[in-house]
Amino acid sequence: MDALKYYLQCEVIQKKYLSECHPTYASTLSCIGDTYNALGEYKKALDYYNRCEAIQRSCFGDSDLVYASTLGSIGNAYSGLGEHNTAREFYLRCEEIQKTTLGESHLEYATILGNIGNVYCNLGEYTKALGFYLRCEAIQNNLNKSNSAYVLTLGNIGNVFDLLGEHKKALEYFFRCETIIKGTFGESNPTYASFLNSIAATYYLSLIHI
């Protein structure tokens, strides 16, 4: 990937001229981590995120939003590795900082709640996952109902209700997803087809016939 090549070149230059304790250098390390994360190379991503985290903690302290973002990125990498308990630790640290700094009605805060929900879902703790997804949905619902992240949250809630055996509640959320996607993207969108499949599967599971 071209982006990675240029980020790595930038890192070499900054390391030489800015020192390894400079916030700008830390930002480049974070970008390299993001790129490796996008490529699915989670262990390499973690190496850069951890170096970034150490610098930011030294420069900004452990209650800074930029630092919180890096904690969230580390959580993402651990989640990609399937180390969900470790991911949860970093997500919860990020959530605590964002809750204090951003407040509980900010979209960025909603994102970390969704990530925590994903971790609990992957751990099989569906009731806890549902709690975080519902908090995430409440924030997103007030800010942007046509946003793809909102649709994803509704789908996650539906999936958890399905896993809990509450298929009628699952259908309510799947239908909300279907309505938004149909209105925003049309009936030929692959995501629309995916939710139609979820609705059909849930009807099957609940033994409800149209």
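Summary of the structure given here.

1. Some thoughts on the overall build of the protein chain
Okay, so step 1: In terms of helices and strands, the protein chain carries 10 helices and zero strands.
Okay, so step 2: Listed N to C, the secondary structure of the protein chain is α-α-α-α-α-α-α-α-α-α in terms of helices and strands.
Okay, so step 3: Counted over contacts in the protein chain with a minimum sequence separation of 6, partners at least 24 positions apart contribute 50%.
Okay, so step 4: Per element, the accessible surface of the protein chain, about 11100 Å² overall, is 52% carbon and sulfur.

2. A look at the side chain of threonine 70
Okay, so step 1: As for its position among the elements, threonine 70 is in helix α4 (residues 65-80).
Okay, so step 2: Looking at threonine 70, the relative accessible area reads 2%, which means it is buried.
Okay, so step 3: Those residues in contact with threonine 70 that lie beyond four places of it in its chain are Tyr49, Cys52, Glu53 and Gln56.

3. Comments concerning helix α5 (residues 84-101)
Okay, so step 1: With 18 residues, α5 extends 25 Å from end C-alpha to end C-alpha; this agrees with the ideal 26 Å at 1.5 Å per step.
Okay, so step 2: Inspection of α5 places His84, Ala87, Arg88, Phe90, Tyr91, Cys94, Glu95, Ile97 and Gln98 among the buried residues, and these make up the whole buried set.
Okay, so step 3: Residues of α5 that are buried in the fold lie against α4, α6 (107-122) and α7 (126-143).
Okay, so step 4: Following α5 by one or two positions, glycine 103 adopts a phi angle in the positive range, close to 90 degrees.

4. So, the pattern of salt bridges
Okay, so step 1: Throughout the structure, instances matching the rule amount to eight salt bridges.
Okay, so step 2: The partner of arginine 57 in a salt bridge is glutamate 53, with the nearest N and O atoms 2.8 Å apart. Placement of both arginine 57 and glutamate 53 in helix α3 (residues 42-60) is noted, with a separation of four residues, approximately one turn of the helix.
Okay, so step 3: On the accessibility criterion, glutamate 53 (9% relative accessible area) is buried.
Okay, so step 4: Among the ionic pairs, lysine 169 bridges to glutamate 166, the shortest N-O distance being 3.3 Å.
Okay, so step 5: Residue classification places lysine 169 among the partly exposed positions, given a relative accessible area of 40%.

5. Here's the deal with the side chain of asparagine 115
Okay, so step 1: Tracing the backbone through its elements, the reader meets asparagine 115 in helix α6.
Okay, so step 2: Discounting chain neighbours no more than four positions away, the residues touching asparagine 115 are Asn76 and Tyr91.

6. Brief notes about the packing of α5 against α6
To describe two helices that pack against each other, one gives the angle between their axes and the distance between the axes.
Okay, so step 1: For the pair α5 and α6, the least separation of the axes is 9 Å and the interaxial angle reads 155 degrees. With respect to their mutual orientation, α5 and α6 come out roughly antiparallel. Crossing hand, α5 versus α6: left-handed. For the pair α5 and α6, the contacting residues are His84, Ala87, Arg88, Tyr91, Leu92, Cys94, Glu95, Gln98 and Lys99 in the first and Glu108, Tyr109, Ile112, Leu113, Asn115, Ile116, Val119, Tyr120 and Asn122 in the second.
Okay, so step 2: Taken together, the residues of the contact of α5 with α6 break down into 10 nonpolar, four polar and four charged.

Conventions used here
- Residues numbered from 1 in each chain as written.
- Predicted model: local features only at pLDDT ≥ 70, side-chain atom pairs only at ≥ 80, totals over all residues.
- Heavy atoms only, no water.
- Helix = DSSP H or I, 4+ residues; strand = E, 2+ residues; numbered from the N terminus.
- Contact = heavy atoms within 4.5 Å.
- Areas by Shrake-Rupley, 256 points an atom, 1.4 Å probe, with all protein chains shown as cover.
- Buried < 20%, exposed > 50% of the residue type's maximum accessible area, 1.4 Å probe, protein only.
- Expected span 1.5 Å × (residues − 1).
- Salt bridge = Lys/Arg side-chain N within 4 Å of Asp/Glu carboxyl O.
- Axes fitted to C-alpha atoms, helices over the stretch in contact; angles between N-to-C directions.
- Parallel < 35°, antiparallel > 145°, perpendicular 65-115°, else oblique.
- Left-handed = near helix turned anticlockwise from the far one by under 90°.
- Nonpolar A, V, L, I, M, F, W, Y, C, P; charged D, E, K, R; others polar.

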